[in-house]
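These are the residues of each chain, in order.
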Amino acid sequence: MTAPILAARDLRIRFPTQDGQETVKAVDGVSFDVEAGETFGVIGESGSGKSTLGRAAVCLLRPTSGEVLHRGGNPYLLPSKALRQQRRDYQIIFQDPNAALNPRMRIVDSIREPLDILGAGSRAQRTAQAMAMLEMVGLRAEFGARYPHELSGGQKQRVNIARVLTVRPKLVVCDEVVAALDVSIRADILNLFASLQGEFGLTYLFITHDIGVVSHVSSRIAVMYLGRFMELGPAETITHRPLHPYSVALLSAEPTPLPSAMRTGKRIVLQGEIPSPTAPPSGCRFRTRCPVARDACAETEPEWREVSTGHFIACHFPGSLAAH
Ligand SMILES: Nc1ncnc2c1ncn2[C@@H]1O[C@H](COP(=O)(O)OP(=O)(O)O)[C@@H](O)[C@H]1O
Ligand code: SF4
Ligand SMILES: [Mg+2]
């Protein structure tokens, strides 16, 4: 069996708080495998550690403990040249379409830049590659001569996709890539991601706080809360038959139109804010907001267990929060 393209093993990432007095447990013990060619969705409220996880997956952040594995190997154990190659194979696209674009560079130059760094072929060849990529992401050739401020958010996000794809990555982390875009064009960009996946044989780690987005694109979905996974399973199972109270609540709170089969009968409004990741609650970390918490939930942390093939959950009382 070949090793998964990406894996995490008890991954933990901690940051000092601003005053240096405490530790933010942004990712606090997460394990999963991503298989080549799939779209692995990660969903959770803001502050649950999704971006930190995504950055660690592409070696922008070093694990505090545990491991990120690229095809079974720890990238940090590679010699520096091989690590550079690995970084090329594992790319990330951010929410802010401006994040990776230099406002003073023409679009074609921005797309060509990663190839310039690699130094492969002549400049003319690299320009031709960049222009071909522009077309692949659905932008006309004339966009190449423009500057970022002349483009809409959606067009800029297309440029970011082109820029990342020039180096032919194997896996792309998509971190809230449509969240900053107008609702009317989100589906276009999601469809573009889907078609490029087939074309380039890509694997996606698709991070979003919007279950409508993640259900649209994912083969499997992980539900993250306060640094840990609460539930993981096939997209169908998570969106139609979630068992973890947090997943049920997230689904029920979805404000935008979901297919009717996915809509739950009752809207469950989660009380209170997500607790501070410097001191997660004892036992089950969701217990302070869980509508069906019992005494046992404060005492012991629920184990991560497989309830049916490929469907994992961390809850003492799965299925006890009914959506309707
Ligand atoms: N560089 C950092 N320094 C300190 N705290 C951070 C840093 N990056 C993220 N955090 C904290 O880690 C937690 C998780 O953040 P993040 O991964 O951005 O979550 P999400 O993407 O799910 O909104 C938050 O409490 C956030 O404030
Ligand atoms: S373990 Fe208890 S508090 Fe945590 S989600 Fe399950 S029922 Fe709720
Ligand atoms: Mg984020």
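**Quick look at the overall build of the chain**
Part 1 of the reasoning: Within the chain one finds 10 helices and 11 strands.
Part 2 of the reasoning: The C-alpha radius of gyration computed for the chain amounts to 21 Å, which stays within 12% of the reference 20 Å derived for 324 residues, consistent with globular compactness.
Part 3 of the reasoning: With 324 residues in all, the chain has 50% of them scored as buried.
Part 4 of the reasoning: Taking as baseline every contact in the chain between residues at least 6 positions apart, the subset at least 24 positions apart corresponds to 64%.
Part 5 of the reasoning: Within the structure as shown, the chain displays about 14,900 Å² of accessible surface, and the carbon and sulfur contribution to it stands at 51%.
Part 6 of the reasoning: Each charge class in the chain was averaged separately, 36 positive and 32 negative side chains, and the resulting centres sit 5 Å apart.

**Brief notes about the sheet that holds strand β3 (residues 39-43)**
Backbone hydrogen bonds are what pair the strands of a sheet, in a parallel or an antiparallel way.
Part 1 of the reasoning: Reading across from one edge, β5-β6-β7-β3-β8-β9-β11-β10 is the order of the eight strands in this open sheet, with mixed pairing throughout. Edge positions in the sheet fall to β5 (90-93) and β10 (305-308), since each has one partner strand and no second. Strand after strand, the sheet turns through a mean of 20 degrees between neighbouring axes, direction not considered.
Part 2 of the reasoning: The pairing of β5 with strand β6 (residues 171-175) spans four bridges and is classified as parallel. Residue Ile92 lies in a different strand from β6, and its bridge partner there is Val173.
Part 3 of the reasoning: Against the sheet, helix α2 (residues 80-89) touches β5 and β6, its axis set at about 45 degrees to β5.
Part 4 of the reasoning: Each of β3, β5, β6 and β7 (203-208) touches helix α6 (residues 183-200); the most contacted strand, β7, lies at about 160 degrees to it.

**Comments concerning the site of ligand 1**
Part 1 of the reasoning: Close contacts around ligand 1 come from Phe15, Val24, Ala26, Glu45, Ser46, Gly47, Ser48, Gly49, Lys50, Ser51, Thr52 and Pro277, and that covers them all.
Part 2 of the reasoning: A distance of 2.6 Å is found between an oxygen atom of ligand 1 and a backbone nitrogen or oxygen belonging to Gly47.
Part 3 of the reasoning: Here an oxygen atom of ligand 1 and a side-chain polar atom of Ser51 are 2.9 Å apart.
Part 4 of the reasoning: Bound to the protein, ligand 1 loses 61% of the 560 Å² it would expose on its own.
Part 5 of the reasoning: Looking at the shell around ligand 1, the elements with two or more residues in it are β2 (23-34) and α1 (50-57).
Part 6 of the reasoning: Split into classes, the residues belonging to the shell around ligand 1 amount to four nonpolar, six polar and two charged.

**What to know about the nonpolar core**
What tends to happen in soluble globular proteins is that the nonpolar side chains get buried as a cluster.
Part 1 of the reasoning: Counting residues in each nonpolar core, the largest one holds 33 residues, and the members touching the most others are Ile111, Ile161, Phe193, Leu196, Tyr204 and Phe206.
Part 2 of the reasoning: Counting residues per element, the ones that place at least two in this core are α3 (107-118), α4 (123-136), α5 (153-165), β6, α6, β7 and α7 (211-217).
Part 3 of the reasoning: At six residues, α6 tops the list of elements feeding residues into this core.
Part 4 of the reasoning: Of all hydrophobic cores here, the second largest spans 27 residues; its members include Ile5, Val42, Ile92 and Val173.

**Let's talk about the environment of Leu190**
Part 1 of the reasoning: You can see Leu190 is positioned in helix α6.
Part 2 of the reasoning: Judged by its relative accessible area of 4%, Leu190 falls in the buried class.
Part 3 of the reasoning: Distance in space between the C-alpha atoms of Leu190 and Ala26 is 27 Å, their sequence separation being 164 residues.

**Remarks on the sheet that holds β2**
Part 1 of the reasoning: An order of β2-β1-β4 is seen for the three strands of this open sheet, with the pairing classed as antiparallel. Where the open sheet ends on each side, the last strands, each with one partner, are β2 and β4 (65-70). Here the strands of the sheet are splayed against their neighbours by 25 degrees on average, with no regard to which way each runs.
Part 2 of the reasoning: With nine bridges joining them, strand β1 (residues 6-16) and β2 adopt antiparallel strand pairing. If you follow Arg12 over to β2, its bridge partner there is Asp28.
Part 3 of the reasoning: Where α1 meets the sheet, its contacts fall on β1, β2 and β4, and the angle it forms with β1 comes to roughly 120 degrees.

**Observations concerning the packing of aromatic side chains**
Part 1 of the reasoning: Applying the stated criterion across every chain, the model contains 10 aromatic pairs.
Part 2 of the reasoning: Between Tyr204 and Phe206, the ring centres sit 6.4 Å apart and the planes meet at 75 degrees, which makes this aromatic pair edge-to-face. Both residues of the pair, Tyr204 and Phe206, belong to the buried class.
Part 3 of the reasoning: Between Tyr225 and Phe286, the aromatic rings sit 5.0 Å apart at their centres with planes inclined by 85 degrees, giving edge-to-face as the arrangement. You can see Tyr225 sitting in strand β8 (residues 220-225) and its partner Phe286 sitting in the loop between α9 (245-252) and α10 (295-299), a full 61 residues away along the chain. Neither residue differs from the other here; Tyr225 and Phe286 are each classed as buried.
Part 4 of the reasoning: Each residue in the set Phe32, Phe40, Phe229, Trp304 and Phe312 is aromatic and connected to the rest through ring pairs, giving one cluster.
Part 5 of the reasoning: Its end group placed over the ring of Phe143, Arg146 keeps NZ or CZ at 4.2 Å from the ring centre.

Reading the values: the criteria
Every chain begins its residue count from 1, and numbering advances along the sequence as written. A letter from A marks each chain and a number from 1 marks each ligand, given out in the order of writing. Confidence filtering applies because this is a predicted model: local features only for residues at pLDDT of at least 70, side-chain atom pairs given and counted only at 80 or more, and all residues used for totals across whole chains, interfaces and linings. Each side-chain value is derived from all of the structure's non-hydrogen atoms; neither hydrogens nor water enter the calculation. Helix and strand definitions follow DSSP, with helices as H or I runs of at least four residues and strands as E runs of at least two, each counted in order from the N terminus. The atom set for the radius of gyration is the C-alpha atoms, and the globule formula is 2.2 Å times the number of residues raised to the power 0.38. Whether a residue is buried, partly exposed or exposed follows from its accessible area with a 1.4 Å probe, protein chains only, as a fraction of its type maximum: under 20%, in between, or over 50%, in that order. Whether two residues touch is decided by their heavy atoms; if any such pair falls within 4.5 Å, the residues are in contact. In these tables, accessible area is a Shrake-Rupley quantity obtained with a 1.4 Å probe, and a residue counts as shielded only by the protein chains included in the view. In this count, Lys and Arg are taken as positive residues and Asp and Glu as negative ones, while His and the chain termini are left out. Here the site of a charge means atom NZ of a Lys, CZ of an Arg, CG of an Asp or CD of a Glu. DSSP bridges decide pairing: two strands pair if at least two such bridges lie between them. Throughout, an axis means a line fitted to C-alpha atoms (over the contacting stretch in the case of helices), and angles, computed between N-to-C directions, take values from 0 to 180 degrees. Being near a molecule or strand, for a residue, means having at least one of its heavy atoms within 4 Å of it. Any pair of N or O atoms that falls within 3.5 Å is considered a polar contact. Within protein, one atom must be able to donate a hydrogen and the other to accept it, and sequence-neighbouring residues count only if both atoms are side-chain atoms. By the convention adopted, Pro, Cys, Tyr, Trp, Phe, Met, Ile, Leu, Val and Ala count as nonpolar, Lys, Arg, Asp and Glu as charged, and the other residues, Gly among them, as polar. Residues belong to one nonpolar core when they are buried, are Ala, Val, Leu, Ile, Met, Phe, Trp, Tyr or Cys, and are joined through side-chain atoms within 4.5 Å. A pair of Phe, Tyr and Trp rings is counted when the ring centres sit within 6.5 Å of each other, with Trp represented by its six-membered ring. The angle between the planes then sorts it: under 30 degrees is stacked, over 60 is edge-to-face, the rest tilted. A positively charged side chain is recorded as over a ring if its NZ (Lys) or CZ (Arg) lies within 6 Å of the ring centre. The angle to the ring normal must also be within 35 degrees.

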